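Secondary and tertiary structure notes
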Amino acid sequence: MSLLEIKKYPDKILGKKTATVENIDGQTQQLIDNMIETMKHAHGVGLAANQVGISQKLCIIDISVREEEVPLIVLLNPVIIEKTGMIEAEEGCLSVPGYMTTIKRAEKVFIRGVNREGKEMEIEAGGLLARALQHEIDHLEGLLLIDRMSPIRREFFKRRYKKFLQEMNKEGIEK
């Protein structure tokens, strides 16, 4: 297994819809294993394939650091079938490091997809799992959490984040 590079905003692949996974082969299994290792190394609770430069409808979620009874989920070609309720909570993203914002999402979701063995699966979730599922499925649809912000907050974010990146680049050059 190996660590993969996590693509950062404003990388163009993050803004594009991903392709359906047609075939679950050895290469797909290796990608899944590498994504799990990468996510854990980055201390994330979810990771979508396009965040590591692969345009496929594949994501992994592991909220066991916060909710021990929930096992790691590998989900291919996920579709949100139903959403209920709305709730606001703070979110971060491995592709937008150092930034947290409040996002409004469905409180509960019903998802259908395929696991890494190719078996159909359904997930009914609330709480952190519902939020993580929606966040990762957004990635697969080419959406980042900043796309869920109001236009004014998004413009403010872009200006602040551009300045943040310039500072990070400056620090990297000076070291």
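Everything that follows concerns the structure shown earlier in this document.
Report on the accompanying structure. Every residue gets a number counted from 1 within its own chain, in the order that chain's sequence is written. Two thresholds apply to this predicted model, a pLDDT of at least 70 for residue-level local features and 80 or more for giving and counting side-chain atom pairs, whereas whole-chain, interface and lining totals are computed over all residues. For the side-chain quantities, the full set of heavy atoms in the structure was used; hydrogens and water were omitted.

We now examine the packing of aromatic side chains. Whether two aromatic rings pair depends on their centres lying within 6.5 Å, for rings of Phe, Tyr and Trp, where Trp uses its six-membered ring; planes under 30 degrees apart make the pair stacked, over 60 edge-to-face, and the rest tilted. Throughout the structure, instances matching the rule amount to five aromatic pairs. A centroid spacing of 5.6 Å and a plane angle of 55 degrees characterise the contact between Tyr9 and Phe157, whose relative ring orientation is tilted. With Tyr9 in the segment before helix H1 (26–41) and Phe157 in helix H3 (residues 151–174), this pair connects stretches of sequence that are 148 residues apart. Comparing Tyr9 with Phe157, the two get one shared label, buried. Taking the centre distance of 5.1 Å and the plane angle of 25 degrees together, the rings of Phe157 and Tyr161 count as stacked. Placement of both Phe157 and Tyr161 in helix H3 is noted, with a separation of four residues, approximately one turn of the helix. Think of it in three bands: with a 1.4 Å probe and only protein chains considered, a residue is buried below 20% of the maximum accessible area for its type, exposed above 50%, and partly exposed in between. Under the relative-accessibility criterion, Tyr161 is labelled buried at 5%. Counting every residue linked through ring pairs, the aromatic cluster contains Tyr9, Tyr99, Phe157, Tyr161 and Phe164. Note on conventions: DSSP H or I runs of at least 4 residues are helices, E runs of at least 2 residues are strands, and numbering of each starts at the N terminus.

Turning our eyes to something else, we now look at the pattern of salt bridges. By definition, a salt bridge exists where a carboxyl oxygen of Asp or Glu is found within 4 Å of a side-chain nitrogen of Lys or Arg. As enumerated under the stated definition, the model contains eleven salt bridges in all. Residue Glu91 pairs with Arg105 through a salt bridge whose shortest N-O separation is 2.6 Å. Of this pair, Glu91 sits in strand S3 (residues 73–92) while Arg105 sits in strand S4 (residues 100–114); the two residues are 14 residues apart in sequence, bridging distant segments of the chain. This pair shows no difference in class: Glu91 is buried, exactly as Arg105 is. In the salt-bridge network here, residues are joined through shared partners; they are Glu91, Arg105, Arg131, Asp138 and Arg148.

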